[in-house]
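Residue strings, one per chain:
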Amino acid sequence: MSDKVPFYGSISVPEDVLSKRDFSSIWKKALASYDEDKLEWGITSVYEAEEETAGEADRVAWQISGITEEGFDDATPWILQGSLEKNDAKKLYEALEKHEVELHFNINEYANPDNLEDSLTRETGTLTVKGGKVVLKDTDYQDVEITSQTLIDMGFATESEADDEELAVMLAAEYPDGPDANDLIDAISDVRNDNRHEGVFTQEETEDPVAFGQMIEAATADEDDIG
């Protein structure tokens, strides 16, 4: 596994535990400590919180992102400490253990950010604290197919602003001996909406006419060759 493993997702706690002053105060401090200005690894950003319903209990989830060296699951012994001072980290673990908090995580993790094909894993599970140590349970791992929409959603790519008609004109100009623009539109639309793209193209996929033409040709092998 790469020594730089970006992850994105959420962590959540039961809503009722946030009314416990000894927990909520140290939890707020922990969330504030997940700061990329202070950390190179671990949870480095916390975004908006939102209520969610998981089973019978209401929970509050925070969107998070960060980087580990070994993967989110292997980083759990230290990842909740953030940039807390040693005494505050101890208080956090004591509060988690005292109130028997089950902290759920739902993480999308890129094992190889330099080669995103087939490298995304969705990790779900629960973190608890027992005997002062973080314990993993109920973990599940699923490989997630990388699509154009996935890359855009996760911030690894920008959606192309070109519509199918513009892309068809681009290919027709690049390949004057191939099909005309009107004949290319349907093929481009079919590729856009297949499972590899989910209705979008990335800017990188469409910025090079030759590479884009090769992609369309490969995906529509039973159609007339573009080149």
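It should be noted that the structure appears before, not after, this text.
Cut-offs used in this document
- Residues numbered from 1 in each chain as written.
- Predicted model: local features only at pLDDT ≥ 70, side-chain atom pairs only at ≥ 80, totals over all residues.
- Heavy atoms only, no water.
- Buried < 20%, exposed > 50% of the residue type's maximum accessible area, 1.4 Å probe, protein only.
- Helix = DSSP H or I, 4+ residues; strand = E, 2+ residues; numbered from the N terminus.
- Arc of directions from axis to C-beta.
- Polar contact = N/O pair within 3.5 Å; in protein donor to acceptor, adjacent residues only side chain to side chain.
- Contact = heavy atoms within 4.5 Å.
- Salt bridge = Lys/Arg side-chain N within 4 Å of Asp/Glu carboxyl O.
- Phe/Tyr/Trp six-rings, centres within 6.5 Å; stacked < 30°, edge-to-face > 60°.

Undergrad: Pulling in residues and values, what's your account of helix α5 (residues 164–174)?
TA: Within α5, the full set of buried residues consists of D164, L167, A168 and L171. Down the axis of α5, the smallest arc covering the buried residues is 100 degrees, so these residues share one side. Of the residues in α5, the exposed ones pointing more than 90 degrees away from the buried face are V169 and A173. Two or three places before E165, at the opening of α5, D163 has a side-chain oxygen 3.2 Å from that residue's backbone nitrogen.

Undergrad: Residues and numbers for the side chain of D164, please.
TA: The topology assignment puts D164 in helix α5. Judged by its relative accessible area of 12%, D164 is buried. Not counting the four nearest positions on each side in its chain, D164 is found in contact with I185, I188, S189, R192 and F201.

Undergrad: Can you break down the pattern of salt bridges residue by residue, with the values?
TA: Under the counting rule described, the total for this entry stands at five salt bridges. For the salt bridge of E102 with K137, the shortest nitrogen-to-oxygen distance reads 2.7 Å. You can see E102 sitting in the loop between α3 (86–98) and β4 (103–110) and its partner K137 sitting in strand β6 (residues 133–144), a full 35 residues away along the chain. Across the salt bridge formed by R192 and D164, the nearest N and O atoms sit 2.7 Å from each other. On the criterion of sequence distance, the pair formed by R192 in helix α6 (residues 181–192) and D164 in helix α5 is long-range, its members being 28 residues apart. By relative accessible area, R192 is classed as buried at 11%.

Undergrad: Explain the packing of aromatic side chains to me, and be specific about the residues and the numbers.
TA: As enumerated under the stated definition, the model contains five aromatic pairs in all. With a centroid separation of 5.1 Å and an interplanar angle of 70 degrees, the aromatic rings of F7 and F72 are classed as edge-to-face. You can see F7 sitting in strand β1 (residues 5–14) and its partner F72 sitting in helix α2 (residues 72–79), a full 65 residues away along the chain. Here F72 falls in the buried class, since its relative accessible area comes to 0%. With a centroid separation of 5.2 Å and an interplanar angle of 90 degrees, the aromatic rings of F201 and F212 are classed as edge-to-face. One end of the pair, F201, is in the loop between α6 and α7 (203–206); the other, F212, is in helix α8 (residues 209–219), and eleven residues separate them in sequence.

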